[in-house]
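Summary of structural features
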Amino acid sequence: LEAHKIVNGDRQGLYGTPENNFQRIADYWERYLKHTKQAYLVMYPEDVAMMMVLMKIARLESGHFTKDSCVDAVGYMAWYSELTPKLAQAK
């Protein structure tokens, strides 16, 4: 419930819809990876959602446990399920 309020509340007003915000992030990450790592790939909004989950997990593994990181991870997983076509069709 808390994650739902966060991802659908103030943050959406600040950053836009997750689809649009994650697409912007995907575009930046894709350009960065192509330029710096010579990695030729395509990034999608659902990739951003999953990578943000992994970032939160990495933070938790560092031993710096915060409720905020857990709530954020849950919110990103919720958006991953919404943005991933196969998962969205399964509903």
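We now turn to the structure provided with this report. Numbering of residues begins from 1 in every chain and follows the order in which that chain's sequence is written. Given that this is a predicted model, residues contribute local features only at a pLDDT of at least 70 and side-chain atom pairs are listed and counted only at 80 or more, while totals for whole chains, interfaces and linings are drawn from all residues. As a rule here, side-chain values cover all heavy atoms of the structure and leave hydrogens and water aside.

Before going further, it helps to examine the environment of T84. A run of DSSP states H or I qualifies as a helix once it reaches four residues; a run of E qualifies as a strand once it reaches two. Both are numbered from the N-terminal end. Secondary-structure assignment places T84 in the loop between α5 (67-83) and α6 (85-89). Note on T84: relative accessible area 12%, which makes it buried. The sequence separation of T84 and P45 amounts to 39 residues, and the corresponding C-alpha distance is 8.5 Å. Polar contacts here mean pairs of N or O atoms no more than 3.5 Å apart (in protein, one a potential hydrogen donor and the other a potential acceptor; neighbouring residues in sequence count only if both atoms are side-chain atoms). Here the side chain of T84 touches Y80 through a polar contact of 2.7 Å, landing on its backbone oxygen. The classification of residues rests on relative accessible area computed with a 1.4 Å probe and restricted to protein chains. Under 20% of the type maximum is buried, over 50% is exposed, and intermediate values are partly exposed.

For our purposes a nonpolar core is just a set of buried Ala, Val, Leu, Ile, Met, Phe, Trp, Tyr and Cys residues, chained together by side-chain atoms within 4.5 Å. Counting residues in hydrophobic clusters, the biggest one holds ten residues: F22, A26, M43, V48, A49, M52, V53, Y76, W79 and L83. Taken together, the elements giving at least two residues each to this core come down to α3 (18-37), α4 (45-61) and α5. Looking at this core, the element that brings in the most residues is α4, giving four residues.

Turning next to the packing of α3 against α4. Close contact between α3 and α4 brings their axes to 8 Å; oriented N to C, the two are set at 85°. Relative to α4, α3 is oriented roughly perpendicular. Residues E19, F22, Q23, I25, A26 and W29 of α3 form the contact with α4, whose participating residues are P45, V48, A49, M51 and M52. Nonpolar residues are Ala, Val, Leu, Ile, Met, Phe, Trp, Tyr, Cys and Pro. Charged residues are Asp, Glu, Lys and Arg, and all others, Gly as well, are polar. Class assignment of the residues belonging to the contact of α3 with α4 gives a composition of nine nonpolar, one polar and one charged. What counts as an axis is a line fitted to C-alpha atoms, over the stretch in contact for a helix, and the angles between N-to-C directions run from 0 to 180 degrees. Under this scheme an angle from 65 to 115 degrees is roughly perpendicular, one under 35 degrees roughly parallel, and one over 145 degrees roughly antiparallel; angles in between are oblique. By definition in these notes, contact holds between two residues if any of their heavy atoms fall within 4.5 Å.

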